[in-house]
Amino acid sequence: MKSKGIVIELTALLDVILIMLFWIMMNVQDSSENIRAEADSRVADAEEQIKEAEESVSEAEKRAENAVSEMERMQTELDSVREEAEKEIAEAWKKAASINDNAAANQLALENYENGRLITINLNNSGISISDNNNIFGQTSVISENTIAENLIYSLESADLGQNDVILCAMIYDGSEALYKDVKAVKNAVDEIKSSYTNLYCTYINIKER
């Protein structure tokens, strides 16, 4: 009597199962490698983006630093220009004040001249006399330029004329009688005191030439 049932070829079935397992393992391995490659790619992209972000931040910081440096430089230049402008304005006001002072002093000198206030240096054989139309302020012989200069200063002080005043004077001499060295000595003495009396204006009149 024969037994009934399904005869299964185990060897063939095992081969099929092994093939399926191998195929599944291969697919799983390929999938894992793909996933890993994709993950590595994403990590690389992320790292590149981070690097670009860091470079952007660094560039922004540099630009900010450059902007700050440029602002500081411009501020320094602006302060320098402002300081220079203030100096020029102050100097302009100073010059304007000086012009006004000089104008007033010149006006006073002209008024004094109109009223006969002209300092006269008379050179003759007797020596030198210093006067205006009303008073004789000093007399001296022609000894030396220093002596003449000292007497000129003394005479100007006696006439109440200061170093900042505008002073009009005239040296009068007779060229036919006065010695050349004496005329030169008086001129040199006048030039000497001009270093102190900067607004002293003197003319030289040779009456022989008239």
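Residues numbered from 1 in each chain as written. Predicted model: local features only at pLDDT ≥ 70, side-chain atom pairs only at ≥ 80, totals over all residues. Heavy atoms only, no water.

Participant: Quick question: what am I supposed to make of the overall build of the protein here?
Facilitator: When helices and strands are counted, the protein shows three helices and five strands. The helix and strand sequence of the protein, counted from the amino end, reads α-β-β-β-α-β-α-β. Here the protein, with 210 residues, has 21% of them falling under the buried criterion. For the protein, long-range pairs separated by at least 24 residues make up 64% of all intrachain contacts whose partners lie at least 6 apart in sequence. Carbon and sulfur atoms provide 54% of the accessible area of the protein, an area that totals close to 16000 Å². (Helix = DSSP H or I, 4+ residues; strand = E, 2+ residues; numbered from the N terminus. Buried < 20%, exposed > 50% of the residue type's maximum accessible area, 1.4 Å probe, protein only. Contact = heavy atoms within 4.5 Å. Areas by Shrake-Rupley, 256 points an atom, 1.4 Å probe, with all protein chains shown as cover.)

Participant: Would you mind showing me how to read the layout of surface pockets here?
Facilitator: Over the atoms, a rolling probe the size of a water molecule traces out where space has been left empty. Counted as a void, the largest pocket has a volume near 160 Å³. Lining of the largest pocket is provided by 14 residues; of these, Leu123, Asn124, Asn125, Glu177 and Ala178 occupy positions nearest its centre. At the level of elements, β1 (119-124) and β4 (167-173) are the ones that each hand at least two residues to the lining of the largest pocket. Looking at the lining of the largest pocket element by element, the count peaks at three residues for β1. Across the lining of the largest pocket, the residue classes break down as seven nonpolar, four polar and three charged. (1 Å grid on protein atoms, 1.4 Å probe; cavity = no way out; pocket = protein on both sides within 12 Å on 5 of 7 lines; lining within 4 Å. Points joined across faces, edges and corners; volume = space filled by probe spheres on them. Nonpolar A, V, L, I, M, F, W, Y, C, P; charged D, E, K, R; others polar.)

Participant: What should I look at first to understand the side chain of Asp182 in this one?
Facilitator: Following the sequence through the fold, Asp182 ends up in helix α3 (residues 180-193). Those residues in contact with Asp182 that lie beyond four places of it in its chain are Leu123 and Val142.

Participant: Explanation requested: the confidence of the model for the protein in the structure shown.
Facilitator: Parts of the prediction with low pLDDT should not have their coordinates interpreted in detail. For the protein, the average pLDDT comes to 75, and 70% of its residues sit at 70 or higher. Ranking the elements of the protein by mean pLDDT puts helix α1 (residues 10-114) last with 68 and α3 first with 91. Every residue in residues 1-5 scores below 50 in pLDDT, and together they form zero contacts with partners more than four places removed in sequence or on other chains. Within the model, the stretch residues 103-109 combines pLDDT values under 50 with four contacts to residues more than four positions away or in other chains. (pLDDT = per-residue confidence, 0-100.)

Participant: Could you clarify how one ought to interpret the nonpolar core in this entry?
Facilitator: General note: in soluble globular proteins, nonpolar side chains tend to be found buried as a group. Membership of the largest hydrophobic core comes to 26 residues, with the highest contact counts inside it found for Ile119, Leu123, Leu152, Met171 and Val186. Contributing elements (two or more residues each) for this core: β1, β2 (127-131), α2 (145-158), β4, α3 and β5 (200-206). Examining the composition of this core, we find that six residues originate from one element, α3, more than from any other. (Core = buried A, V, L, I, M, F, W, Y, C linked by side-chain atoms within 4.5 Å.)

Participant: Honestly, a nonpolar patch on the surface in this entry has me stumped. Any pointers?
Facilitator: A cluster of nonpolar side chains, contributed by Ile17, Leu18, Met20, Leu21, Trp23 and Ile24, occupies part of the molecular surface with about 620 Å² of accessible area. Looking at the element boundaries, Leu18 is found in helix α1. (Patch = residues over 30% accessible without salt bridge, like charges linked within 9 Å, V, L, I, M, F, W, Y side chains within 5 Å. Salt bridge = Lys/Arg side-chain N within 4 Å of Asp/Glu carboxyl O.)

Participant: Even after reading the chapter, I still don't get a negative patch on the surface, so can you show me in this structure?
Facilitator: Together, Asp45, Glu48, Glu52, Glu54 and Glu55 give the surface a local cluster of negative charge. Mapping Glu52 onto the fold places it in helix α1. Taking the relative accessible area as the measure of exposure, Glu52 reaches 42% and is therefore partly exposed. (Lys, Arg positive; Asp, Glu negative; His and termini not counted. Charge placed at Lys NZ, Arg CZ, Asp CG, Glu CD.)

Participant: Hey, could you run me through the packing of aromatic side chains in this one?
Facilitator: The geometry of an aromatic ring pair is captured by two quantities: the separation of the ring centres and the angle between the planes. Taken as a whole and assessed by the stated rule, the structure comprises zero aromatic pairs. Across the ring face of Tyr204, the terminal group of Lys187 is positioned such that the distance to the ring centre comes to 5.1 Å. (Phe/Tyr/Trp six-rings, centres within 6.5 Å; stacked < 30°, edge-to-face > 60°. Lys NZ or Arg CZ within 6 Å of the ring centre and 35° of its normal.)

Participant: How should I be thinking about the sheet that holds β2 in this particular structure?
Facilitator: Pairing within the open sheet is mixed, and its five strands lie in the order β3-β2-β1-β4-β5. Because the sheet does not close on itself, it has two edges, and the strands there are β3 (136-140) and β5. The sheet shows a mean angle of 15 degrees between the axes of neighbouring strands, direction not considered. Inspection of the sheet shows β2 paired to β3 by four bridges, in the antiparallel sense. From the neighbouring strand, Ile128 faces β3, where its bridge partner is Thr140. With respect to the sheet, α2 is in contact with β1, β2, β3 and β4, its orientation differing from that of β3 by roughly 170 degrees. In the packing of α3 onto the sheet, contacts are made with β1, β2, β4 and β5, and the angle to β5 comes to roughly 170 degrees. (Pairing = 2+ DSSP bridges. Axes fitted to C-alpha atoms, helices over the stretch in contact; angles between N-to-C directions.)

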